Amino acid sequence: MTQTTDSPPTTPAPRRKPGPRIHRAWYVAAVAFVTIIGAAAFRSLPGLLIDPLHSEFHWSRGTIGAAVSVNLALYGLTAPFAAALMDRFGIRKVVAVALTVIAVGSGLTVFMQHAWQLILCWGLLVGLGSGSMALAFAATVTNRWFTERRGLVTGILTAASASGQLIFLPLLSWMVEAHGWRPAAVTVTLAALAVVPFVWLLLRDHPADVGLPPYGASEYVPKPAPVTGAARRTLGVLAKAARTGPFWLLAGTFAICGASTNGLVQTHFVPAAHDHGMPVTAAAGLLAVIGVFDVAGTIFSGWLTDRFESRRLLATYYALRGISLLFLPMLLAPAVHPPMVFFIVFYGLDWVATVPPTIALCRRHYGDDSAIVFGWVLASHQVGAAVIAFLGGVARDVFGSYDVVWYASGALCAAAALMALVIRHRGPGTEPLAV
């Protein structure tokens, strides 16, 4: 008789939970995309308000431009602090509060009777809210949720603003023409409020919240502890970044970017075209077409940023933009002709194509603090936009034409192209600058 010894029972190895077929990061990016689209409604309105407010309240275009300038400046100056607040309180809370502030500011404008109220509501409140929804939001989402395809995702989220412009600008221009500017302001309020529950229920702050690594990462990344002292950290990052040359070159080029897009074309293209006899709805339609091609151009720029040197991409974008602005005064006419359509398509492809390579350069030079550094670079973008929004209105009051502003902006874009080439090159394996 043989005795057999039973081997001890073996415990089967635990199965690793398979990851989702579509990484959760893409769902978060989709929520951020839709959120930015909804928030973009308020950015479509300022250029449509200049003539109606001038006619109803007899405010000068310079006065109205000053309110737009406050809005644009705060849009930028709030962004770096918002990026730090997202590290402290989370993306979801900051974005929900920002959308509510936008809704309050836009809604209160329907009751205004004095110019200071326009500056308070549209300039201060909407500026603060929109600054918290600025591209620093897109940079924060991209940095947390993605280690691959960052350029592409940045391009997609940047294009969301253009998509919002495409959706809302024709509707708002029709409202202003048919029913006055107040229903348009109420529409902006409702659009911002409608997005709040969407953000609160679906947006997540970090991949660790759902037990996943970032997209493209092979290892789980723990959620960092909340960073206290948001204001102190934001100013500290600025102080250290300001000691480096790349920061000032990036800030200078992005200031010119803002001057030649938000400050000039988005604010003054409709009244400038109207000066030449073009109907407001037609001019607003052309801006919407810019939004169509902006989507394609920005996403393509993100794809290029993943593959080519960002400095050279920036130089190319600014040079082409400057050339197109020099031709614009010759293209404005009562009707839309093929050369104007060509300008709109060309300018749309280049509108915010500068964002993905700029964010990539911030990430390359400043590492983990890149979202806050980019927030300060974005602040320069909006300061440039604010200056041109104001000076454009003043130039129209003084010279009776926008021509000098188009030519000056074209020359500034040429300077930005040269500045981009001067930025120091850092290879992928190089350590970021200490900030």
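You'll find the structure just up there.
Residues numbered from 1 in each chain as written. Predicted model: local features only at pLDDT ≥ 70, side-chain atom pairs only at ≥ 80, totals over all residues. Heavy atoms only, no water.

A. Quick peek at the overall build of the protein chain. Along the backbone of the protein chain there are 17 helices and zero strands. Counting all 435 residues of the protein chain, 56% fall into the buried class. Accessible area of the protein chain: about 18,300 Å², with a carbon and sulfur share of 67%. (Helix = DSSP H or I, 4+ residues; strand = E, 2+ residues; numbered from the N terminus. Buried < 20%, exposed > 50% of the residue type's maximum accessible area, 1.4 Å probe, protein only. Areas by Shrake-Rupley, 256 points an atom, 1.4 Å probe, with all protein chains shown as cover.)

B. Quick peek at the layout of surface pockets. Here the largest pocket is characterised by a volume of approximately 1,300 Å³. What lines the largest pocket is a set of 49 residues, and nearest its centre among them are Asn-143, Arg-150, Arg-363, Gly-367 and Ser-370. Within the residue set of the lining of the largest pocket, elements represented by two or more residues are α4 (79-89), α7 (135-145), α8 (150-179), α13 (310-331), α15 (355-366) and α16 (370-399). Ranked by residues supplied to the lining of the largest pocket, first place goes to α15 with six residues. Of the residues that constitute the lining of the largest pocket, the class distribution is 19 nonpolar, 12 polar and 18 charged. (1 Å grid on protein atoms, 1.4 Å probe; cavity = no way out; pocket = protein on both sides within 12 Å on 5 of 7 lines; lining within 4 Å. Points joined across faces, edges and corners; volume = space filled by probe spheres on them. Nonpolar A, V, L, I, M, F, W, Y, C, P; charged D, E, K, R; others polar.)

C. Geometry of the environment of Arg-92. Within the secondary structure layout, Arg-92 lies in helix α5 (residues 91-108). Ignoring sequence-local partners within four residues, the contact set of Arg-92 consists of Val-199, Trp-200, Leu-203, Arg-204 and Asp-205. (Contact = heavy atoms within 4.5 Å.)

D. Summary view of the nonpolar core. Counting 86 residues, the largest nonpolar core has Leu-45, Leu-53, Val-265, Phe-269 and Trp-406 as the members making the most contacts within it. Non-local contacts of Phe-269, meaning those with residues more than four positions away in its chain, are made with Leu-264, Ala-283, Leu-286, Leu-287, Leu-328, Leu-332, Met-340, Ile-344 and Trp-406. Core analysis: the next-biggest nonpolar cluster, separate from the first, contains 30 residues, Val-94, Phe-146, Ala-160 and Leu-203 among them. (Core = buried A, V, L, I, M, F, W, Y, C linked by side-chain atoms within 4.5 Å.)

E. Just the side chain of Ser-370, in detail. If you trace the backbone, Ser-370 turns up in helix α16. Within the local environment of Ser-370, its side chain forms a polar contact with the side chain of Asn-143, the two groups lying 3.3 Å apart. (Polar contact = N/O pair within 3.5 Å; in protein donor to acceptor, adjacent residues only side chain to side chain.)

F. Local environment of the packing of aromatic side chains. Under the defined criterion, the tally for this structure stands at 13 aromatic pairs. Among the aromatic residues, ring-to-ring pairing joins Trp-26, Phe-146 and Tyr-215 into one connected group. The cationic tip of Arg-88 hangs over the ring face of Phe-89; the distance from NZ or CZ to the ring centre is 4.8 Å. One cation-aromatic arrangement involves Arg-92 over Trp-200; the distance from NZ or CZ to the ring centre is 4.8 Å. (Phe/Tyr/Trp six-rings, centres within 6.5 Å; stacked < 30°, edge-to-face > 60°. Lys NZ or Arg CZ within 6 Å of the ring centre and 35° of its normal.)

G. Representation of the side chain of Ser-106 within the structure. Mapped onto the elements, Ser-106 comes out in helix α5. The exposure class assigned to Ser-106 is buried, which follows from its relative accessible area of 0%. Ignoring anything within four residues of it in the chain, the contact list for Ser-106 reads Trp-122, Val-126, Ala-185, Val-188 and Thr-189.

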